[in-house]
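Here's the letter readout for the chains.
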Amino acid sequence: MTSRDDTSRDASLPPEVIRPSVDKRVSSEIAFHIEMRARELVARGVPPEEARRRATERFGNLDAVVAELNRIERTTDRTARRTRYVAELAYDGRFALRMIARRRTFAAVAIGTLALGIGAATAIYSVVDAVLLRPLPYDEPDRLASVWVTQPGLANDPVLSWIADGTPMGSTEYQALRRDAKTLRDVAMWGQASVTLQTDEGLERLPAVRVTSSLLGTLRARPALGRAFAPGEDVLGGPRVAMVSWEAWTTRFGADSSIVGRSLTLNHRPYTVIGVLPPNVRIDRTKEAVPFWLLALQDSFDLAERRNRSYTALARLAPGATFEAASQETAAIVRAAASDTALSARVTQWQADQGRDARGPLLILVGAVALLLLIACVNVTVLQLGEAAGRIREMTTRAALGAGSARLVRQLLVESMAIAAVSAVLGTALAWAMIRGLVAAAPARLPGIDAVTIDARVLAFTIACATITGLLFGIVPALVAGRSGPASLVRVGAGQSARGARGLQRGLIAAQLALSMVLLVESALLGRSLRALTAVDPGFRAADLSAYAVALPMEMDTTQTRSFVAEVVRRLGALPGVDAVTAAQNVPFVGGASSSPLEIERPAREGQPPRHTQQRSVLPGYFELMGMRLVAGRFFTPEDRAGAEPVAIVSAAEVERDFGGRSPLGTRVRHQRIWRRVVGVVADTKYRGLSREDEATVYIPFDQYPYSWPTFVVRAGSGANVPSERTMKGILREVEPRVTLTTTKTLPSAIAQSFAAERYRAMIVSVFGVMASVLAAVGLYGVSVRSATRRTREIGIRLALGGTSARVVRLLVGDAMTGVAIGLVVGLPAALAAGRLVRPYLFGVTSSDPISFALVAALLVVVTAAASFLPARLAGRANPAVVLRGD
Amino acid sequence: MSTNTRDRLRGTLELLVLRTLAWGPRHGYAIARWLEETTSAGLRVEDGSLYPALYRMEQRGWIQSDWRRSELDRPAKFYRLTVAGRRQLKRETIEWRAFVAAVAIVLEPST
């Protein structure tokens, strides 16, 4: 046992106890006793020989006592060792903090580097956790199942591929599943909707969902207030009842419990509020909680014979059932119910299914941030090895004082952990800021993104991250010290040693460059892919265009619709600064898309059944306003009105698909049971994404097919502002108060939104790439400075012997270049592999895009040259006389 | 009385050691000498039996030891009282007095 009041030891060194073995301690204590006793006897006049004998005799059974003492001492020793271990650890901790405080530059760089890595990792993890990992707030969330009908045969049809993997359901499938499925329980359906709420201020368009009465039961949630939908209410002509979300109740309705039983005017009809949902019930996690829940299957369009499929199904896996078994059973049931053998089914965990689209891209970010963290670790390892040189005296002193290798290894590890711990604290703060950025910049449709936060789960991750980090960058110096004694650590750091040790440092730098290369190549690929995407011509001129989508009440007939649209177009056109106005169904990037089968009078291939074709009814002037190119025939004119000959214009992709490239002019096509003469062919435009294939499209004059969800498009004159949302609302109120404005967007922003996810990915990975290059530069600079200092003597000799400073600079920079060359050679295959991982997310560039690789290589060479040039130039300017004398 | 009589007899030596150390750190031989002198050799123990007692007391945390320079100009193991030991001494002393009082009542019944 050592005591704290023992002042003989240097207080700055940890307690390396000089402990004799147990046996030795016991025997020397007893020897001391006997000797003292003998001396006492001698003092009383007993001869020394006799005194020794009597002292031993008086002690009793010497062997037995020694044996017993050894036994007691050994058990004491074990407990003591444990306490001592803890005490030493605490000491090591304090010592480590002192060392950090003493070596401020090193500590600042190391902590900054790691905080960046840990912060970025924490931020990305918090997003991954919220989107993919954190269990949903329902009972047994892992048994909740998404049930999808799939149509694998449609995967290659550009118009219908979007439903190949998840076809919405209708009441036929729903009833069949509820009746027959053994592997699924509590089958429910929901569908997106929007409602027009009548308030004191006027009409308001709000999102809503239509659900079957079973849905709340499937979630095993209870209403916070009032009652849930009852079975039997979700039928044709069922009661007009609604539930209000907790969020809407607390904000919009002031948490007034008299809401239950109150009547609201939704979609121009009275609805009775029967209950309030519990907080945080979100069926579509990509959207905000919708304020209203209405019942599905109450309208005639939901009848089985209408084949309306617009619902998403949700169920619970029956006890003992697996997702696999449920998929098979569901496939069999829907095939029988719809008598369609092309149908299949996919039953998967609900949460995983919702995060399906987000998973791949998020994994790319996880990979990128893991690389960044690894680079940070390597960087700090290199720095720490370099630091070892400055610790020669400390290490050798402690080794001389008897500190064993194990003791020094532990001390070094504790130091690393202390650095990691401080970095974790700083990193968490950094993560806060990064999360804000990540969430703010997030594209829509990232489920759960608004729930991103640093909670206990994320903190646990951060701590784990910091621990692993501390071990990673602490283990190399510790192992070097442990294997061959602290002196070797010093040698590695100072670079004075054998090739092996110097090789280690070079190897680490090369590894760092290789890792940076992987990350940079990934960001270059994503960046160039984004560039290629944004360079795609959408087929129309989006500049100065803005769109206003509206919803007309179902009660408006076609005549009313026509005159409403005409009047709004007239008023918009009269506004100052407006060059031209048109209206259309499903304006690209603004509205949705809808398709129906198009029959060809004389198809290129006999017996080819009509295929689904994108449909769009447009006002005359639409093509001109959008700046679309006419390929053949003519555009629509005001003469193509209701009652005139039904006409159609088809897109180039349609001509390619159904006419085999023949001119379609003059032939007839049948759309929605009406035969129409084809009068023109227009060039293709993109609708839903710049990277998508061109889809076969048929255009129809609006007058001949008045659509109740038109979108007005305005081209503003140069320099003029487009009409504001407020202006548009004013016009609508005057023309037809029952119409609501659903979306206002400028077309350039709508297009930008379509690649927001790609931009988000590219941006984050690039930020990580930049961080990685900065870290690499800092690491290289540190090493170069050290290497220049270490070689002062050599440089001095070279200069004294007539070497020029230019040659010295070349020598040192050349050294660094060897490192970058090795890094690039090692990094190349790794970067190629990483490129293959991001391949599904690339557009217009291959995963081994030579330009990306060349750019990254060039960047790394420049960074290396810059980082090694400055120290080299300083060394080259040294005065040889001073340098040589100083040694 | 919380301790039984058998323990009491073994505890006597421990109590005396605690008492000794209450005046300051001593090595084993000094403790043995003190015991001889203050009890006027009335409590004759073999020197050897003192050490197991010391080791056990250290294990219990009543005393602590360290090696210090001694009068022989070489390191000797010195024992000193810990805070727990000081508490133990107080408790043992009270119990001992109670024990003695109880025995006295038995041996000299009051009339």
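Residues numbered from 1 in each chain as written. Chains lettered and ligands numbered in written order. Predicted model: local features only at pLDDT ≥ 70, side-chain atom pairs only at ≥ 80, totals over all residues. Heavy atoms only, no water.

1. Let's talk about the overall build of chain A
Secondary structure assignment for chain A yields 26 helices and 21 strands. For 887 residues, the compact-globule estimate of 2.2 N^0.38 gives 29 Å, and chain A exceeds it by more than 25% at 39 Å. Considered along the principal axes of its C-alpha atoms, chain A spans approximately 140 × 75 × 55 Å. Taken over 887 residues, chain A has a buried fraction of 51%. A fraction of 80% describes how many contacts in chain A between residues 6 or more apart in sequence connect residues 24 or more apart. When the accessible area of chain A is evaluated, it comes to approximately 39,600 Å², of which 57% is carbon and sulfur surface. Computed over 105 positive and 78 negative side-chain charges, the inter-centroid distance for chain A is 7 Å. (Helix = DSSP H or I, 4+ residues; strand = E, 2+ residues; numbered from the N terminus. Rg over C-alpha atoms; globule rule 2.2 N^0.38 Å. Buried < 20%, exposed > 50% of the residue type's maximum accessible area, 1.4 Å probe, protein only. Contact = heavy atoms within 4.5 Å. Areas by Shrake-Rupley, 256 points an atom, 1.4 Å probe, with all protein chains shown as cover. Lys, Arg positive; Asp, Glu negative; His and termini not counted. Charge placed at Lys NZ, Arg CZ, Asp CG, Glu CD.)

2. Things to note about the overall build of chain B
Along its length, chain B carries 4 helices and 3 strands. Going residue by residue from the N terminus, the α and β elements of chain B occur as α-β-α-α-β-β-α. Each of the 111 residues in chain B was classed as buried or not, and the buried ones make up 42%. Residue pairs at least 24 apart in sequence account for 50% of intrachain contacts in chain B once pairs closer than 6 positions are excluded.

3. Examining the interface of chain B and chain A
Between chain B and chain A, the residue contacts involve 26 residues of the former and 25 residues of the latter. Interface of chain B and chain A: buried area, both sides summed, is about 2,500 Å²; carbon and sulfur atoms make up 56% of it. Taken as a group, B:Y29, B:Y55 and B:L72 account for 27% of the area that chain B buries against chain A, more than any other trio of residues on that side. The interface formed by chain B and chain A holds 5 salt bridges in total. Between chain B and chain A we count 10 residue pairs in polar contact (both at pLDDT 80 or more) in total. Put simply, the parts of the chain that give the side of chain B that touches chain A at least two residues each are α2 (28–38), α3 (47–60), β2 (63–69) and β3 (75–81) of chain B. Ranked by residue count, the leading element in the side of chain B that touches chain A is α3(B), at 7 residues. Of the residues assigned to the side of chain B that touches chain A, the class counts are 9 nonpolar, 6 polar and 11 charged. (Buried area = accessible area lost by both parts, 1.4 Å probe. Salt bridge = Lys/Arg side-chain N within 4 Å of Asp/Glu carboxyl O. Polar contact = N/O pair within 3.5 Å; in protein donor to acceptor, adjacent residues only side chain to side chain. Nonpolar A, V, L, I, M, F, W, Y, C, P; charged D, E, K, R; others polar.)

4. Some words on the sheet that holds β2(B)
Residues and elements named next belong to chain B. One open sheet accounts for 3 strands, arranged β1-β3-β2; its pairing is antiparallel. Edge positions in the sheet fall to β1 (26–27) and β2, since each of these pairs with one other strand and no more. Inspection of the sheet shows β1 paired to β3 by 2 bridges, in the antiparallel sense. The partner of R26 across the bridge, within β3, is Y79. (Pairing = 2+ DSSP bridges.)

5. Some remarks on the environment of A:V334
Residue and element names in this part refer to chain A. Within the fold, V334 resides in helix α9 (residues 323–338). The sequence separation of V334 and F461 amounts to 127 residues, and the corresponding C-alpha distance is 43 Å. Not counting the four nearest positions on each side in its chain, V334 is found in contact with V149, E173, S339, L343 and S344.

6. Section: the packing of aromatic side chains
Using the criterion set out here, one finds 14 aromatic pairs over all chains in the structure. On the numbers, 6.3 Å between centres and 50° between planes, the contact of A:F540 with A:F589 is tilted. In this pair, A:F540 is assigned in the loop between α16 (499–534) and β11 (545–551) and A:F589 in the loop between β12 (578–584) and β13 (595–600), connecting sequence segments 49 residues apart. Note on accessibility: A:F540 and A:F589 belong to one class, buried. Here B:W96 and B:F99 contribute two aromatic rings whose centre-to-centre distance is 5.6 Å and whose plane-to-plane angle is 35°, an arrangement assigned as tilted. Taken as a pair, B:W96 and B:F99 lie in helix α4 (residues 83–107) at a separation of 3 residues, close to a single helical turn. (Phe/Tyr/Trp six-rings, centres within 6.5 Å; stacked < 30°, edge-to-face > 60°.)

7. Brief notes about unusual backbone geometry
Residue and element names in this part refer to chain A. In the Ramachandran plot, E140 falls in the positive-phi region, its phi being about 40° despite a non-glycine side chain. Here E140 shows up in the loop between α4 (104–133) and β1 (144–150). Of note, the phi angle at D544 is positive, near 70°, even though the residue is not glycine. Within the secondary structure, D544 sits in the loop between α16 and β11. Taking the relative accessible area as the measure of exposure, D544 reaches 41% and is therefore partly exposed.

8. Comments concerning the side chain of A:K686
Residue and element names in this part refer to chain A. When you line up the elements, K686 lands in the loop between β18 (674–682) and β19 (697–701). You can call K686 buried: its relative accessible area is 12%. A distance of 2.8 Å separates a polar side-chain atom of K686 from the backbone oxygen of R692. In terms of polar contacts, K686 uses its side chain to reach the side chain of D694, at 3.1 Å.

9. Description of the packing of helix α23 (residues 792–800) of chain A against helix α24 (residues 805–838) of chain A
All names here are of chain A. The contact between α23 and α24 brings their axes to 10 Å, and the two run at 145°. Of the two possible hands of crossing, α23 and α24 adopt the one that is right-handed. Here E794, I795, R798 and L799 of α23 come into contact with α24, specifically with S805, V808, L811 and L812. Residue classes in the contact of α23 with α24 are distributed as 5 nonpolar, 1 polar and 2 charged. (Axes fitted to C-alpha atoms, helices over the stretch in contact; angles between N-to-C directions. Left-handed = near helix turned anticlockwise from the far one by under 90°.)

10. Describing the environment of A:T381
Residue and element names in this part refer to chain A. Note that T381 resides in helix α11 (residues 356–388). With a relative accessible area of 3%, T381 lands in the buried category. Sequence separation between T381 and S416 is 35 residues, and the spatial gap between their C-alpha atoms is 9.5 Å. Residues in contact with T381, not counting those within four places in the same chain, are L472, F473, V476, P477 and L508.

11. Some thoughts on the pattern of salt bridges
This structure, assessed with the given rule, holds 44 salt bridges over all chains. Its salt-bridge partner being A:E35, residue A:R39 comes within 3.4 Å of it at the nearest N-O pair. On the criterion of helical spacing, the pair formed by A:R39 and A:E35 is a turn pair, its members being 4 residues apart in helix α1 (residues 22–43). When its relative accessible area of 47% is taken as the criterion, A:R39 is described as partly exposed. Accessibility expressed as a relative area gives 22% for A:E35, which makes it partly exposed. Note that A:E140 and A:R220 form a salt bridge whose closest N and O atoms lie 3.0 Å from each other. Taken together, the positions of A:E140 in the loop between α4 and β1 and A:R220 in the loop between α7 (215–219) and β4 (225–226) put the pair 80 residues apart, joining distant regions of the chain. Linked by salt bridges that have partners in common, A:R37, A:E40, A:R44, A:R58, B:R33, B:E36 and B:E37 make up one network.

12. Notes on α3(B)
Across the 14 residues that make up α3(B), a large majority, 10, are buried. For α3(B), the complete set of buried residues consists of B:D47, B:G48, B:L50, B:Y51, B:P52, B:A53, B:L54, B:Y55, B:M57 and B:E58.

13. A word on the pairing of strand β17 (residues 668–671) of chain A
Residue and element names in this part refer to chain A. Judged by which residues are buried, β17 turns out to be one-sided: V669 and H671 face inward and are buried, whereas R668 and R670, on the alternate face, are not. Pairing of β13 with β17 involves 3 bridges; the strand directions are antiparallel. Following the sheet pairing, I600 is matched in β17 by V669. As paired elements, β17 and β18 share 4 bridges and run antiparallel to each other. Residue pairing in the sheet places R670 in a bridge with W675 of β18.

14. Thoughts on the nonpolar core
Counting 118 residues, the largest nonpolar core has A:L519, A:F623, A:M626, A:Y699, A:L747 and A:F768 as its most contacted members. Take this core: its biggest share by element is 17 residues, from α11(A). Every residue in contact with A:L519, bar those within four places of it in the chain, is listed here: A:A368, A:L371, A:L372, A:I375, A:V765, A:F768, A:G769 and A:A772. If you look at the next biggest cluster of nonpolar residues, it comprises 32 residues, including A:V65, B:L21, B:M57 and B:L89. (Core = buried A, V, L, I, M, F, W, Y, C linked by side-chain atoms within 4.5 Å.)

15. Here we look at the confidence of the model for chain A
With 91% of its residues at a pLDDT of at least 70, chain A reaches an overall mean of 85. For the stretch residues 1–19 of chain A, pLDDT sits under 50, and the model shows 36 contacts to residues farther than four places along the chain or on other chains. (pLDDT = per-residue confidence, 0-100.)

16. Let's talk about the state of the cysteines
For the structure shown, the criterion picks out 0 disulfides over all chains. A:C377 supplies the cysteine sulfur nearest to A:C465, a cysteine that is in no disulfide, at a spacing of 8.3 Å. (Disulfide = S-S within 2.5 Å.)

17. A closer look at the pairing of strand β16 (residues 647–651) of chain A
Every other side chain in a regular strand lies on the same face of the sheet, so the side chains alternate between the two faces. Counting buried residues along β16(A), 5 of its 5 residues qualify, which places the element largely inside the surrounding structure. Because side chains alternate across β16(A), one face comprises the buried residues A:V647, A:I649 and A:S651, and the other comprises A:A648 and A:V650, equally buried.

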